Structures are given as C-alpha cells and as structure tokens.
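Residue-level structure breakdown
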Amino acid sequence: MSAARMQVLSSRNVRLLSRGRNEVLAGRSGAQRPGGDPRTRSLTCPPMSSSSSPGRALSSLSATRRGLPKEKMSENGIMSRAKVLTIDTMNPTVKKVEYAVRGPIVQRAVELERELSEGMKKPFAEVIKANIGDAHAMGQQPITFFRQVLALCSYPELLSDSTFPEDAKSRACRILQSCGGNSMGAYSASQGIDSVRQDVARYIERRDGGVACDPDNIYLTTGASDGIVTMLKLLVCGEGTTRTGVMIPIPQYPLYSAALAELGAVQVDYFLNEEKCWSLDITELQRAVNEARQYCNPRALCIINPGNPTGQVQSRQCIEDVIRFAAKERLFLMADEVYQDNVYAEGCQFHSFKKVLFEMGPEYAETVELASFHSTSKCYMGECGFRGGYMEIINMDDEVKDQLTKLLSVRLCPPVPGQALMDLVVNPPQPGEPSYGSFIKERTATLSALAEKAKLTEQVLNTVQGISCNPVQGAMYSFPRITIPEKAVKEATEKGQQPDMFYCMKMLEETGICLVPGSGFGQKDGTYHFRMTILPPTDKLKILLNKVKEFHQRFTQQYS
Amino acid sequence: MSQQAVNGVAHRGRVLTLDSMNPNVKRVEYAVRGPIVQRAVQIEKELKEGVKKPFTEVIKANIGDAHAMGQKPITFFRQVLALCSYPALLEDSKFPEDAKKRAQRILEACGGHSIGAYSTSQGIECIRQDVARYIEKRDGGIPSNPDNIYLSTGASDAIVTILKLLVCGEGRDRTGVMISIPQYPLYSAALADLGAVQINYYLDEDNCWSLNITELRRALNAAREHCNPRVLCIINPGNPTGQVQSRQCIEDVIQFAKEEHLFLMADEVYQDNVYAEGCQFHSFKKVLFEMGPEYSNTVEMASFHSTSKCYMGECGFRGGYVEVINLDPEVKAQLIKLVSVRLCPPVPGQALLDLVVNPPQPDEPSYATFMKERTAVLSALAEKARLTEQIFNTVPGITCNPVQGAMYTFPRITLPQKAIDKAKELGLVPDMFYCMRLLEEDGICLVPGSGFGQREGTYHFRMTILPPTDKLKVVLQKIREFHLRFTQEFS
C-alpha cells in the first residue's frame, strides 16, 4: 500500500510543477481543509511544509490514483533500484525556488573561466562577473582598520605587537572580552554578542537623529539574507485563501521570491514605476493588495531602499506614505536597508523607515510592526564573505519575540567573526583616534568612486540606442531597459529561453561579461532588462560599458 | 471588505501574534539553549549586579563550547586566520612559513584575494579538494570527489538543508525521519520546523547506549502506519550519549537502510573525540564502501562534519561540510540552487575548515607545536571522560555509562517520588525541576534529559566534560552533594 502512495505522490509533484502560477492560485483559493478526513493529520501536514493545501493535495491524489500503473514495487513504493531521493520525491517547494543572481548564466561563466584557464581560445581574455555585488572580488580593498582588528581577534598574541594602532587593539580587546573564554571560537548568545548589539543600537540612534533604540530589539544574523528569511518564516501561516501573502517590489532582489517559494507563502507583486525612476506608487500598492485579498491573506510588505536591482532612493514623503499604507492595511513592514550608505545622486538622501516611523508620532510609532535589515556586505566595506548582519524589530509582540529567540537558538549563533566585523562597521574609528584619518580616507575613496561609477554607467548606457537607463541614485547596480528585436525574441522563444536570458547568454559567450537577465528579478511583461553591478574599477568599468554598447549594437543589427 | 473580516483579528491587534504566526515554528524546541540557559544568563547578570548567591560563578556545562570553557585555540589555525584577515602580516617575520603558505593558498582561492568576497555557494574549490583528500586519508584511500563536498555554516546548516530536500508528501505520505532517542535536539527542532514526522528509535541504555537493529525495525514498522519513513539519522560518536558505534553495528545499519530503502544521514562531528580503549571511529562512508559495490553504488548517504568539536572546538566560526554519496544528479542540481540563495557559508569558517582538514605536516615548522596542542586537548578530554564516569558512578542514585566518545555524559538519575510530585505541582518536567534546583543552588547549568528524549519514567541530564580538569572535579563534587541533598529532601 505504501507503494501506491509513493507513486501517486511523484505524479502529483510533476503535475503541480507543470501548472502555471494562476492555476496554482486558483487551486489554492478554492481549497478547504478537509477536517473530517482521517488521512489528514494536523501534526503531519502542517501549513508551511508545502504551498499546496491538503485539500487540493487529496483531490489530486484521488484523481491520479485512478490511472496508476500496476507495477511490481518494493516496500517504499518505487522500483527497488530507484533512489530514495529523486527529483520526483524531493521537497516540491525547494523545486520552485529560483535564484537568478547565481543561476545558469553564472554557472556558464564559471565554466568559461575554467575553459580559459585550460587554454581554450575565446573572443575575450577574462570573464567579468558583473552579476553580483561582490566588492572585494572586483578589486576593492578592505578597510585597513577592520582587518587589523579582525587579525587581532583571530590571533590575540598580536595585541603585544607595536605595529598595530592602539584603537585597533582596544576594539579587539573589547570584542574578545565579550566572547566566551575571550575567544572568537566560542559560541555567542543566539541573538548575538551583547556588546555588539549595544553598539548597533547606538549606531542606529546616531543615524536616526536620536530616536531611541533598544539593544534587545537587535538580532545579529548571518548576513541580511538570514534575517529576512527568518522574519518571513515567522509570518507564514494559514491555508488556501488565508495563506500569508507577502508584497514584494517588481523588479525585486530574488532572495525574496526564493524564500517565499520555499516557505510556500504567496508572492504578491507590486510594480515599481520605471518611467518615474523606479519610484514606488501607493496606488499600485493598493491595487496589488486588493487583488491579492481575493486569493490570500496579505500580511507583510517588503521594501528595498535603496533599491536592488533598480538603484532608486526613496523620498521621505514616499516612505511616510508607505508607512501610512501599512498601518491602514495592517501589514508587517520589512525594510531592506542594506545599501543605506550607498546614496550617490544629488538631492537624494537615505531615510530609515524607523526614523520616519518615529517622526510620524505615537499613533504610528507605537503600532506599526517593522523589521529593518542591515549587513556588512555592502556600503563602503563590502565584506560579503564574513556574513555579518543584523535586524532591528519594532513593535513586535513579546510572545513572538520569545519564539524568534527560540528559533534562532537552534542554529546556535551567527558567525562570530561576522559579528565582530558588524561591530566595527557600527563603531568605526572616531575623530581623535589614531586610525580615524586613514579610515575616513579609505571610506570616502570607495564611496566617491562609486558615485562616479554610478554617473558614468548611466551616461554611457544612455548613449546606446535601444538601451535606456534610469539614474543610479543608490545601491550598486544599474538595471537598464533594453530593446530586443522581434527576431531575437522569436529565436529565444524557439530555444525555450527568456529573451533577456538569450541576450545575456550571447553577451557572455561573445564578450565574457556576465550580467543577470531582468527576468530573474521580474519586470513588466514585454519589457527586458539586465542587472549590472557598478563595482568594477573605473577603468575596467569603462571598457565593460563599451563592450556592452558594442555588443548591443551588433546584436540589434544581427536581428533586425 | 472590513479590516476585521480580511485579517481575522481585531483592528487594534498586531499583525504578528502567537496565534497568527507560523505554527511549525511554535512547535520547535531546542533544550540546549532553552529556559534553563536563559535563567543561567539571568543569574550571571544578577551576580554581576552584586546579588548574593550560594555560589560565585555560573558554570555553563549545558553546551559543548570548548573555548568558553577555557580551551585555547590551536596556534597555527589562528595564525593563518590572522594572516588571511590582514594580509599585510605576510611580511611579518614572526609568522612561520607554513602558516604564510597556507594563508596565501586560501587567499589565492578567494575573489580579489580577500576573505571578504563571496565564495561559490558550494564552498571554495580548493578547500573542497582538501576536504576530499582528508576524507580519503581518513578512510584508507576510498576515493572522495570534491564535487560531492558542500561547505556549510556549521554542521547544523547542512543537516537542515539535507532534511529540507527530503521532506515531501501530505498526511500518511508525509516524510518520516528516524532519529535516535536520546537525540541532539537540532533534529527534532528541524523536523518540527519542516513539518516532517519524527520517528523515534531508542538507544539501549543498558548496553552502553548501543543501537539495536530490532529496535530500528520496530520503530520503522510502527511508523509506516502513519507516515512514509525515508530517512535514518545516526549520531556517531553519540550526542548526548557518548557511545561509539562498532564497525559491525554500522554495517548492520547500512544493510538495514538498504533493505528498507532509507536515506542515511551520518552526523560524525565528533569523529576525533574517541576516548575509550577498544573503541575506534569508523566512518559510515568507509564501511559502506567496504561492503562492496552492491551497497556503495546504491545506498544514499550524507555525512556531516564541523569545525566546532574534536580538538579545535572552534564553534564561533561556523565552519562545516557535508559529503553526499549516491545523490541523484538532478537532486544535486537542486541542492546547489538551494544553497545559492544564501550566497555562501562564512569564508573565515571555510578557511578554518581548510586548516582542520589540512593541518601542519611532519616536515613543516608548525608541526611539533600543532601536535603538542592537539594531543594535549585530546588526552585531557580522555582523562575527563573517565573521571566523569567514575565519580558519577560513586553516587547512589546516579548511574553513568562510559563516555566512549564525544563531549558529554548523560547519566541516569533516580528522582524520589516526592520530587516528581512536586515538579508536577509546579508544572515542570521532573528532570527540569532537578536541573533548575541545581542551577539555583550551585550555579551549575545542565540540560535536563527530557530535552533530548528518554524512555518514559527515566530521568537524565546532559553535562559536557569540557571544563578544565580541576574545575570539572569541583563540578562533579558539587553535583554529587546536590544529588544527595536533593534525594534526602524529597524522601
């Protein structure tokens, strides 16, 4: 009997996958939990395990069962030689996960690099991976002070080395004293090292012009991604039309869509306005939430500011509108603010959601639930490999907080070197300290180079016919719109590829430049884009932009 | 549509409450950092503030956190990490050449020669190669393919990821996962979070917590009535139980997994922590391959390792890896996609793992110091394992199996009926009541056996053997006195 079960299950998964998004949603909205069915046990079929509701699962079961082939099978329901874990018998929500930033195009880029190193002839000498915001990989040097402190923390014997500045030593001592056994090798508290959380709170207060911040509301994380997924996990519940819906911008950073797919939550798209420099429009938020209420329970609103991949910086007014909207529609706000130091355009300024929330008065400040995320990976430091980050939560229910702490404790603690680095980011050298001069110099050099590269990218791309590029106001990417000739669209479709994937793949093969197609982030139907990081050194970036330009012209000519 | 109708809660209530949060998360429990540890942290704070207690410090024997217990890091490892963090030190003549060489090799494998760059999601390639070579050496030459190695954020991360791949189905088709009882509660927590069905098989306390195939079969057959068992998890050496599996037993388990078509998960993070005479660590992979192609070509397996345990105890770096064997290629592609969403494991942890699998060699300048430090830690642990067993077994009402390996003792404690009644009155599990009292009276923080699972009517606690020998003696003595006092009070 278990034989039949397993076979049925695999066919169901295949069917589920081949369904379109709308069919899935339609299926979900019609489903009711069959409480009386003895096969449905609440303990073993919980809501988050799959985006499918038990109701629909059961109806597909019976539907498929009728056509079941009668083969001889082993105890476990598959041919005795088959594997336990196959594409048909694995977690269906994992199959739905997509993450374009490291998708097929990047895999091909890695292959090309290998081929080059094996001496194969290519029309280019190196692969330029402009697909990801990986500053150090693009040649950016680490902040000296940060790395000195990390070296001291790693090998405390160096504390007696006179070549290290005193402020680096005192930071290292402070961090080590908060570690178990004075070692970064000890587990920290699951919420993160106390003194680091205190420093984060003070940093936020300074950033927000004195708005109070409680270290108890700070949770250190393994990069911002970890914090975002954890918060989403807490929020997901319900089945069918009561299933949690999460509003995300389109274009979005695909961590969100990936996490929602994995958690079986409903992704609710709201579109940014490309014509108005990718700005966020409350009417569009309202449209999205109203439509979503037909088939799910929208409970969270995610904002990325400065925008990834779109590079816009939200105005203070817009943030206020969003907060008001969240309060009115009872949405939990998630503010992804990892690019908070990356603002380049004149007249633009970073406003934290928390600051604006508190400036709107107690009616908002005491009610709107907010989580804000930050990271060591971006800004001027670009320390991606350390996986440091934090989140601040505002107005979270105390009982839920306990649950959050419990959930985090299972993974023991975020990596301690990443916590140490986070501490340095929020508590850098101060005026009067020996390292202050060189720190400011390094920081300014990076940020002003980025500002220059942001302008350069916009300028050069906008000289190309068929490419139009919004100003890169902030963050680390440009997301230009590209016109793809009808013939190219047709050829891509014949190959079963998205037109912009086809475009980017060709560019990679011909020029060695690795970009991410816009389809990986989401875009309005019929429009095409790519995401390119502005991180390469200026000289290299110029060459890269020129190559993109030439490729686009060649491509357009070839297909017109 | 009114707000109330839409969200199903009163207008003034919060969006996210205990009633409206993910129900799976609510079911998660993790005793190793549970209420007793929270209380311990509170007491520490109280002590700091000058509150009078019958003790002067809290000893957190709840967790296998070697450095927190005063164990010193391996010098070579930390030298290389300092060099990787701040490459200007490569010019410094105080650092030995082999440390510099290792640091350079790691940095060359990093984007932009910086540990601040993201690595590939599967982990830095040359580190995966080193891991593969380490496994080959460990397993007497059985080949290991770097493509089968996935670096992870501690072993926990990899264990949860593999479990996540395996979970599917609804109702009676829902994936069941067999775990030992007592277990390390990461497993029960992950299964609750994933909504998988936990299938308990009991270790045999009377036979030194050994694993019994008859019991595996009983558990499996019973589970088939209500779920689809697809996975068998083994922890060897055992956590919290400290047993080391015999080669024969591992062979039997593999045979059982093959017969019953189960995916094997071998948690082998304590592979260097074997103390008892006559005991030896056998990796599941080695035994699998020695059983011949009928097994080694078919049985699907994942083996986990970490930088947190063994002689290095570098928990804070969150380094680890999983080796997968016979994993379906399509599933492998899914695994790579899944891990790519989190970008990469922390690079300092990857670097540290590289050093663990590729430590100083006999002809290198750091070899002697490395060996001295390593041996000192492991022999002290062996001594403490023996000491713990001996002392506990002198206490009437405490019986303790030999600590053959790992880092914990899991003694059985006899609790007087009156104490059990009192605990129930307070709404506490009896061994939680016991451990809470011990914490309040002596400042010693242990984890009650109920957090790991135990046969009904039996009570235990888990204590790490990591404190320095002198301190461990004091701890053991204090527990002894507490137990006698507690027994007297409630009899």
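Glancing now at the overall build of chain B. Scanning chain B from N- to C-terminus turns up 18 helices and 14 strands. Along the three orthogonal principal directions, the C-alpha set of chain B runs to about 65 × 60 × 60 Å. Across the 491 residues in chain B, those meeting the buried criterion constitute 65%. Excluding contacts between residues fewer than 6 apart, the proportion of contacts in chain B whose partners are at least 24 apart in sequence is 71%. For chain B, the accessible surface area stands at approximately 17300 Å², while carbon and sulfur atoms represent 50% of it. Charge centroids of chain B, computed over 54 positive and 57 negative side chains, lie 5 Å from each other.

Within a sheet, neighbouring strands are paired by backbone hydrogen bonds and run either parallel or antiparallel to one another. All names here are of chain B. Strands sit in the order β2-β8-β7-β6-β5-β3-β4 across an open sheet of seven strands; the sheet is mixed. Either end of the sheet is taken by a strand with one partner, and the two such strands are β2 (149-153) and β4 (197-202). Within this sheet the neighbouring strands show an average axis-to-axis angle of 25 degrees, counted without direction.

Turning next to helix α10 (residues 247-260) of chain B. Residues and elements named next belong to chain B. The first and last C-alpha atoms of α10 sit 20 Å apart over 14 residues, in line with the 20 Å expected at 1.5 Å per residue. Within the sequence span of α10, burial applies to Cys-249, Ile-250, Val-253, Ile-254, Phe-256, Ala-257 and Glu-260. What you see down the axis of α10 is that its buried residues fit within an arc of 160 degrees, all on one side. Where the residues of α10 are buried, they touch β3 (175-181), α9 (213-223), β5 (228-235), β6 (263-267), α11 (284-290) and α12 (293-296). In the segment just after α10, His-261 is the residue with positive phi, at about 60 degrees.

Turning to helix α5 (residues 97-108) of chain B, a few remarks are in order. Residue and element names in this part refer to chain B. The end-to-end C-alpha separation of α5 is 16 Å, in line with the 16 Å expected for twelve residues at 1.5 Å each. Listed as buried for α5 are Asp-98, Ala-99, Lys-100, Arg-102, Ala-103, Ile-106 and Leu-107. Tucked into the core, α5 has its buried residues touching α4 (75-85), α14 (347-357) and α15 (367-392).

Let us now look at the interface of chain B and chain A. When the parts come together, some accessible area is lost, and that loss is often what is quoted as the size of the interface. Across the boundary between the two partners, chain B contributes 110 residues, which contact 115 residues of chain A. Note on chain B versus chain A: buried area summed over both sides is about 9800 Å², and carbon and sulfur give 56% of it. Summed over the shared surface of chain B and chain A, the number is seven salt bridges. The partner of Asp-397 of chain A in a salt bridge is Arg-14 of chain B, with the nearest N and O atoms 4.0 Å apart. At the junction of chain B with chain A, the criterion picks out 46 residue pairs in polar contact (both at pLDDT 80 or more). Mapped onto the side of chain B that touches chain A, the elements with two or more residues apiece are α1 (3-7), α2 (23-27), α4, α7 (154-166), α8 (186-194), β5, α13 (329-341) and α14 of chain B. Of the residues that constitute the side of chain B that touches chain A, the class distribution is 49 nonpolar, 34 polar and 27 charged.

Moving on, we come to the sheet that holds strand β5 (residues 297-304) of chain A. Residue and element names in this part refer to chain A. The strand order across the open sheet formed by seven strands is β2-β8-β7-β6-β5-β3-β4, and the pairing between neighbours is mixed. The open sheet has two edge strands with one neighbour each: β2 (218-222) and β4 (266-271). Going from strand to strand, the sheet's axes swing by 25 degrees on average, the running direction of each strand aside. Here five bridges tie β2 to strand β8 (residues 388-394), and the two strands are oriented antiparallel to one another. Bridging from a neighbouring strand, Ile-218 pairs with Glu-392 of β8. Here helix α16 (residues 416-426) sits on the sheet and contacts β2, β7 (370-375) and β8; the angle it forms with β8, its principal contact strand, is near 70 degrees.

Quick look at the nonpolar core now. Residues Met-231 of chain A together with Ile-162 of chain B are the most contacted members of the largest nonpolar core, which totals 351 residues. Examining the composition of this core, we find that nine residues originate from one element, α15 of chain B, more than from any other. In this structure, Ile-162 of chain B is in contact with Phe-263, Met-265, Ala-302, Phe-304, Val-322, Val-324 and Leu-335 of chain B, ignoring residues within four places of it in sequence.

In this section: the packing of helix α6 (residues 144-154) of chain A against α16 of chain A. Residues and elements named next belong to chain A. Across the interface, α6 lies against α16 with an axial gap of 10 Å and an inter-helix angle of 140 degrees. As judged from the angle between their axes, α6 and α16 are oblique. Crossing geometry of α6 relative to α16 is assigned as right-handed. Taken together, the residues of α16 that come into contact with α6 (itself represented by Phe-145, Phe-146, Val-149 and Leu-150) are Pro-417, Ala-420, Leu-421, Leu-424 and Val-425.

With that settled, the discussion passes to the pairing of β5 of chain B. All names here are of chain B. With respect to burial, β5 is a largely interior element, eight of its eight residues being buried. Judged from the four bridges that link them, β3 and β5 form a sheet pairing that is parallel. For Thr-175, the partnering residue across the bridge sits in β5 and is Asn-228. The pairing of β5 with β6 spans five bridges and is parallel. Bridge pairing in β6 links Ile-234 to Ala-266.

Here we come to the packing of aromatic side chains. All names here are of chain A. Counting across every chain of the model gives 31 aromatic pairs over all chains. Aromatic side chains Phe-551 and Phe-555 sit 5.6 Å apart centroid to centroid with 35 degrees between the ring planes, which places their arrangement in the tilted category. Linking Phe-551 with Phe-555, this pair stays in helix α20 (residues 538-558), spanning four residues, or about one helical turn. One exposure class covers both Phe-551 and Phe-555, and it is buried.

This part covers the pattern of salt bridges. Residues and elements named next belong to chain A. Using the criterion set out here, one finds 62 salt bridges over all chains in the structure. Across the pair Arg-108 and Glu-509 runs a salt bridge, and its minimum N-O distance is 2.5 Å. One end of the pair, Arg-108, is in helix α5 (residues 104-117); the other, Glu-509, is in helix α19 (residues 499-511), with 401 residues separating them in the sequence. Since its relative accessible area comes to 30%, Glu-509 is described here as partly exposed. Because the salt bridges share partners, they merge into one network encompassing Arg-316, Glu-320, Asp-321, Arg-324, Lys-355 and Glu-359.

Residue Ile-250 of chain A is joined to Pro-251 of chain A through a cis peptide bond whose omega torsion reads 0 degrees. Tracing the chain through its elements places Pro-251 of chain A in the loop between β3 (244-250) and α10 (255-263). In this chain, Asn-239 of chain B is followed by Pro-240 of chain B through a cis amide linkage whose omega measures 10 degrees. With respect to the element layout, Pro-240 of chain B can be found in the loop between β5 and α10. Here Arg-318 of chain B, not a glycine, exhibits a phi torsion of approximately 50 degrees, which is positive. The backbone phi angle of Asn-326 of chain B is positive, close to 60 degrees, even though this residue is not glycine. One can find Asn-326 of chain B in the loop between β8 (319-325) and α13.

Turning our attention to the confidence of the model for chain A. All names here are of chain A. Summing up the model confidence of chain A, the mean pLDDT is 86 and the portion of residues at 70 or higher is 86%. Predicted confidence in chain A is weakest over helix α3 (residues 54-65), with a mean pLDDT of 36, and strongest over α6, with 98. Under a pLDDT of 50 for its full length, residues 1-79 has, in the predicted model, 142 contacts with residues more than four places off or in other chains.

Let's shift gears to the confidence of the model for chain B. As a note on interpretation, predicted positions should not be read in detail where pLDDT is low. All names here are of chain B. Across chain B, the average pLDDT comes to 93, with 98% of residues at 70 or higher. The lowest-confidence element of chain B is α1, averaging 42 in pLDDT; the highest-confidence one is α4, averaging 98. The low-confidence segment residues 1-11, where pLDDT is below 50, has 20 contacts with residues more than four positions distant or belonging to other chains. Here the complex is predicted with pTM 0.88, and the ipTM for its interfaces comes to 0.91.

What counts, and where the lines are drawn
Residues numbered from 1 in each chain as written. Chains lettered and ligands numbered in written order. Predicted model: local features only at pLDDT ≥ 70, side-chain atom pairs only at ≥ 80, totals over all residues. Heavy atoms only, no water. Helix = DSSP H or I, 4+ residues; strand = E, 2+ residues; numbered from the N terminus. Buried < 20%, exposed > 50% of the residue type's maximum accessible area, 1.4 Å probe, protein only. Contact = heavy atoms within 4.5 Å. Areas by Shrake-Rupley, 256 points an atom, 1.4 Å probe, with all protein chains shown as cover. Lys, Arg positive; Asp, Glu negative; His and termini not counted. Charge placed at Lys NZ, Arg CZ, Asp CG, Glu CD. Pairing = 2+ DSSP bridges. Axes fitted to C-alpha atoms, helices over the stretch in contact; angles between N-to-C directions. Expected span 1.5 Å × (residues − 1). Arc of directions from axis to C-beta. Buried area = accessible area lost by both parts, 1.4 Å probe. Salt bridge = Lys/Arg side-chain N within 4 Å of Asp/Glu carboxyl O. Polar contact = N/O pair within 3.5 Å; in protein donor to acceptor, adjacent residues only side chain to side chain. Nonpolar A, V, L, I, M, F, W, Y, C, P; charged D, E, K, R; others polar. Core = buried A, V, L, I, M, F, W, Y, C linked by side-chain atoms within 4.5 Å. Parallel < 35°, antiparallel > 145°, perpendicular 65-115°, else oblique. Left-handed = near helix turned anticlockwise from the far one by under 90°. Phe/Tyr/Trp six-rings, centres within 6.5 Å; stacked < 30°, edge-to-face > 60°. pLDDT = per-residue confidence, 0-100.

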